[in-house]
Amino acid sequence: MPGLLRGVARTAVVAGTATAVSNRVSRRQAGRWAQQDYAQQQEYAQAPQAPPPPPTAPPADAADAMTQKIDQLKQLAELKAQGVLTEEEFQQQKRALLA
């Protein structure tokens with residue numbers, strides 16, 4: 001029976017020691033993480049804040065945009081018909097306009 005008690009006592013000591021070490025490691029890691037979080041919060045608080053982006057202009061009406069493109073294409077066609085633009089220049093301008 002003394003051997004059995006000695007084994008139980010040894011197991012209890014080992015388990016108690018393991019629990020104590022585990023708790024200590026957990027507390028130490030939690031402390032380190034808390035310090036890192038605090039440091040990051042301080043850096044963020046001290047960093048200059050970017051100004052908010054300027055308000056965007058309201059989007060143009062799709063019909064108005066299409067009407068403008070059609071008018072520009074007509075002007076390009078007139079310039080081509082007058083001989084001001086070559087066929088290559090006309091195609092290049094048309095691609096740029098429709099892109």
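Everything numeric here is computed off the predicted structure, so don't read it as measured data.

(A) Quick peek at the pattern of salt bridges. The full count for this structure, using the stated rule, is 1 salt bridge. Among the ionic pairs, Lys80 bridges to Glu87, the shortest N-O distance being 2.5 Å. Residue Lys80 is classed as partly exposed on the basis of its relative accessible area of 32%. On the basis of relative accessibility, which here comes to 40%, the residue Glu87 falls in the partly exposed class.

(B) Quick peek at the packing of helix α2 (residues 62-82) against helix α3 (residues 87-98). The N-to-C vectors of α2 and α3 enclose an angle of 175°; their axes lie 10 Å apart at closest approach. On the basis of the axis angle, α2 is roughly antiparallel to α3. Two secondary-structure elements touch here, α2 through Lys69, Gln72, Leu73, Leu76, Ala77 and Lys80 and α3 through Glu87, Phe90, Gln93, Lys94, Leu97 and Leu98. Among the residues forming the contact of α2 with α3, the class breakdown is 6 nonpolar, 2 polar and 4 charged.

(C) Expanded view of the environment of Lys94. Tracing the chain through its elements places Lys94 in helix α3. For Lys94, a relative accessible area of 26% puts it in the partly exposed group. In the structure, Lys94 is positioned 21 residues away from Leu73 in sequence and 6.9 Å away in space, judged by C-alpha atoms. Non-local contacts of Lys94, meaning those with residues more than four positions away in its chain, are made with Leu73 and Leu76.

Quick notes on the rules
- Residues numbered from 1 in each chain as written.
- Predicted model: local features only at pLDDT ≥ 70, side-chain atom pairs only at ≥ 80, totals over all residues.
- Heavy atoms only, no water.
- Salt bridge = Lys/Arg side-chain N within 4 Å of Asp/Glu carboxyl O.
- Buried < 20%, exposed > 50% of the residue type's maximum accessible area, 1.4 Å probe, protein only.
- Axes fitted to C-alpha atoms, helices over the stretch in contact; angles between N-to-C directions.
- Helix = DSSP H or I, 4+ residues; strand = E, 2+ residues; numbered from the N terminus.
- Parallel < 35°, antiparallel > 145°, perpendicular 65-115°, else oblique.
- Contact = heavy atoms within 4.5 Å.
- Nonpolar A, V, L, I, M, F, W, Y, C, P; charged D, E, K, R; others polar.

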